[in-house]
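Here is how the chains run, residue by residue.
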Amino acid sequence: MKLTLKIWRQKNAKSKGNFETYQMDNVSPEMAFLEMLDALNKRLVEEDKDPVAFDHDCREGICGSCGMYINGHPHGPIPAITTCHLSMRFFKEGQTVWIEPWRAKPFPVIKDLIVDRTAFDKIQIAGGFISVNTGAAPEANNILIRKKDSDNAFDSAICIGCGACVAACKNASAMLFVSAKISQFALLPQGKVEAIDRVRAMVAKMDEVGFGNCSNTGACEAECPKQIKLTNISRMNREYFKAY
Amino acid sequence: MNKILFSSISKKFVMATAGLFLLLFLPVHLLINFMLLKSDPEPFNKAAHFMATFPLVKVFEIVLIGAIMIHITWGIMLQIQNWLARPVGYVSGSKADTSFFSRFMIWTGSSVLIFLVLHFFNFYFVKLGLVPGDAEDFYSIAHNLFKLPMYNYIYLTCFTLLGFHLYHALGSAFQTLGLNHRIWTPVVKVISIIYAILLPAGFAFISISLWLFR
Ligand code: SF4
Ligand code: FES
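Residues numbered from 1 in each chain as written. Chains lettered and ligands numbered in written order. Predicted model: local features only at pLDDT ≥ 70, side-chain atom pairs only at ≥ 80, totals over all residues. Heavy atoms only, no water.

J.: Any chance you could explain the overall build of chain B here in plain terms?
T.: When helices and strands are tallied, chain B shows eight helices and zero strands. Its helices and strands in sequence order give chain B the pattern α-α-α-α-α-α-α-α, from N to C terminus. Each principal axis of the C-alpha atoms in chain B carries an extent, and together these give about 55 × 40 × 40 Å. Expressed as a percentage of its 214 residues, the buried residues of chain B come to 45%. Considering only residue pairs separated by 6 or more positions, chain B has 77% of its internal contacts joining residues 24 or more positions apart. In the structure as shown, chain B presents an accessible area of about 11,800 Å², 77% of it carried by carbon and sulfur atoms. Between the centroid of the 14 positive side chains of chain B and the centroid of its 7 negative side chains there is a distance of 21 Å. (Helix = DSSP H or I, 4+ residues; strand = E, 2+ residues; numbered from the N terminus. Buried < 20%, exposed > 50% of the residue type's maximum accessible area, 1.4 Å probe, protein only. Contact = heavy atoms within 4.5 Å. Areas by Shrake-Rupley, 256 points an atom, 1.4 Å probe, with all protein chains shown as cover. Lys, Arg positive; Asp, Glu negative; His and termini not counted. Charge placed at Lys NZ, Arg CZ, Asp CG, Glu CD.)

J.: How should I be thinking about the nonpolar core in this particular structure?
T.: The nonpolar side chains of a soluble globular protein tend to be buried with one another. Within the largest apolar cluster, 42 residues are counted, with the highest numbers of intra-cluster contacts made by Phe107(A), Ile123(A), Val166(A), Val178(A), Phe211(A) and Met236(A). Put simply, the parts of the chain that give this core at least two residues each are α2 (118-127), α4 (164-168), α5 (175-186), α7 (195-208) and α9 (231-243) of chain A. Examining the composition of this core, we find that six residues originate from one element, α5(A), more than from any other. Excluding residues that lie within four positions of it along the chain, Val166(A) makes contacts with Ala104(A), Phe107(A), Phe120(A), Ala172(A), Ser173(A), Ala174(A), Phe211(A) and Arg86(B). Membership of the second largest hydrophobic core comes to 38 residues, among which are Phe115(B), Phe123(B), Ile141(B) and Leu162(B). (Core = buried A, V, L, I, M, F, W, Y, C linked by side-chain atoms within 4.5 Å.)

J.: Whenever I open this one, the packing of aromatic side chains confuses me. Can you help?
T.: Two aromatic rings, taken as a pair, are described by how far apart their centres are and by the angle between their planes. Counted under the stated rule, the structure contains 33 aromatic pairs over all chains. Here Phe100(B) and Phe101(B) contribute two aromatic rings whose centre-to-centre distance is 5.3 Å and whose plane-to-plane angle is 80°, an arrangement assigned as edge-to-face. For Phe100(B), a relative accessible area of 47% corresponds to the partly exposed category. Judged by relative accessible area, which is 19%, Phe101(B) ranks as buried. The lysine or arginine in question, Arg103(A), covers the ring of Trp8(A), its NZ or CZ lying 4.4 Å from the ring centre. (Phe/Tyr/Trp six-rings, centres within 6.5 Å; stacked < 30°, edge-to-face > 60°. Lys NZ or Arg CZ within 6 Å of the ring centre and 35° of its normal.)

J.: Please explain the interface of chain B and chain A as it appears in this structure.
T.: Bring the parts together and some accessible area is lost; that lost area is often taken as the interface size. Counting residues at the interface gives 39 residues for chain B and 46 residues for chain A. At the boundary of chain B with chain A, the tally comes to zero salt bridges. In this structure, the connection of chain B to chain A is made through 28 residue pairs in polar contact (both at pLDDT 80 or more). For the side of chain B that touches chain A, the secondary-structure elements that each account for two or more residues are α2 (8-34), α4 (55-84) and α7 (149-176) of chain B. Broken down by element, the side of chain B that touches chain A gets its largest block of residues, six residues, from α2(B). (Salt bridge = Lys/Arg side-chain N within 4 Å of Asp/Glu carboxyl O. Polar contact = N/O pair within 3.5 Å; in protein donor to acceptor, adjacent residues only side chain to side chain.)

J.: Which parts of the structure should I look at to understand the pairing of strand β5 (residues 96-100) of chain A?
T.: Residue and element names in this part refer to chain A. In the sheet, strand β1 (residues 3-9) pairs with β5 via four bridges, with the strands oriented parallel. Across the sheet, the residue bridging to Thr4 is Thr96, located in β5. Taken together, the two bridges between strand β3 (residues 69-70) and β5 define a ladder with antiparallel strand orientation. Across the sheet, the residue bridging to Ile70 is Ile99, located in β5. (Pairing = 2+ DSSP bridges.)

J.: Help me understand the site of ligand 1, please; the structure alone is not making it clear to me.
T.: All names here are of chain A. In the region of ligand 1, 13 residues are neighbours, and Cys159, Cys162, Gly163, Cys165 and Cys224 sit closest. Secondary-structure elements contributing two or more residues to the shell around ligand 1 are α4 and α5. By residue class, the composition of the shell around ligand 1 is eleven nonpolar, two polar and no charged. (Near = heavy atom within 4 Å. Nonpolar A, V, L, I, M, F, W, Y, C, P; charged D, E, K, R; others polar.)

J.: Teacher, can you tell me more about unusual backbone geometry here?
T.: Backbone geometry follows two general trends: most residues other than glycine have a negative phi, and most peptide bonds adopt the trans configuration. Residues and elements named next belong to chain A. One non-glycine residue with positive phi stands out, namely Asp48, at about 65°. Assignment of secondary structure puts Asp48 in the loop between α1 (33-46) and β3. Located in the positive-phi region is Asp112, a residue other than glycine, with phi close to 45°.

J.: I tried to follow the pattern of salt bridges on my own but got confused; where do I start?
T.: For side chains bearing opposite charge, pairing can occur when the charged atoms are close. All names here are of chain A. Counted according to the given criterion, the structure contains 15 salt bridges over all chains. As a salt-bridge pair, Glu208 and Lys205 come within 3.3 Å of each other at their nearest N and O atoms. Note that Glu208 and Lys205 are positioned in helix α7 at a spacing of three residues, about one turn of the helix. Relative accessible area serves as the criterion here: at 53%, Glu208 is assigned to the exposed category. A salt bridge links Lys242 to Glu239; the shortest N-O distance between them is 3.1 Å.

Here's what the structure looks like:
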């Protein structure tokens, strides 16, 4: 398969950056998207050129680092998967593929397709945890939890913090991410203890680092690789109103 | 304190509440407007007079103007922050599957605002005595305006855009207020769509009737 890649190249955070065009001649439909980029990088290294910098780690859809914006979609055009799970069989012979980094003020580009996502870490540090003394693991059945609540909490907890919601949102809002992180605790008894402080601190931090405001367009939900639901945002708002 | 009042969620709360209030007012206005279809100016002018003088309505009027102002100011404030949050856009655009009209709220809202300014000059400021005109005969003012094709064009365009604005309004406000429900949320969305179609259609019906059939 032949493809034309238009990739955002940017030397460092300060430089301007621009799109470079690369012709790929032997892309197998069995390749994963990142493998295709690996092949390109191998070629660039052989040609003594600077390889394309992109984030990746697990390559199995759980670490959330492989964020890139492909042809108008974060993580590419296939719903509910991360870039590392994106297969080249979804692309057509001769297609032009635009590859861009996440675009949001709180996610500045570090190099090429890699953005700095510490803004998410800052929000997590502000309240995305429960305070317990760790030690031996407590007996899991000591605190009974309704099945429905544990299921819903789990559905929120599977957010991998990839930032696709921010990338997709026309307002660069982080509310889907933050609401998932708040919900996973709000639904469980252990999380209720610090619920008030958590929602206050996390929302304040989210605003402080400069994310936009959600306007309920639903782009985040449509593009989230883990199918985190908009109902989380509604729950976060309820938690917020309760906290004041 | 400022941090709380002007946090993202608080601003959204204010936006949604003011918007919901405006949603309540529009049907009242439409009902009064239907009296314009009568050949007798009396009932409409009486209703307009009542709206202008009855004390309780006066209180309502202040709240209403407040709600309009707040909805506009907060809307602009939120929008500017949202633009600032994405200084560099995407070359490949956004192909996310979203609710279509939700993406243009600032633009549909702005068009409604332009109409509102015109509307205030034609009626509300006359009532306040800021613009010359017979405040006791809004019926004739309205009938004269609806004779002008240009006025009808603007009117119909703005109400279509208002319909687009309303399409996203109710469901969005409920979501923001945290009123989310497995069964009721889809119902609210349907009501929102019906409202967004029927309400502008009502205003448009009056405009077209007076313009073409009088
Ligand atoms: S909510 Fe979805 S899109 Fe957003 S960070 Fe979590 S997994 Fe990624
Ligand atoms: S590399 Fe870990 S989710 Fe894609």
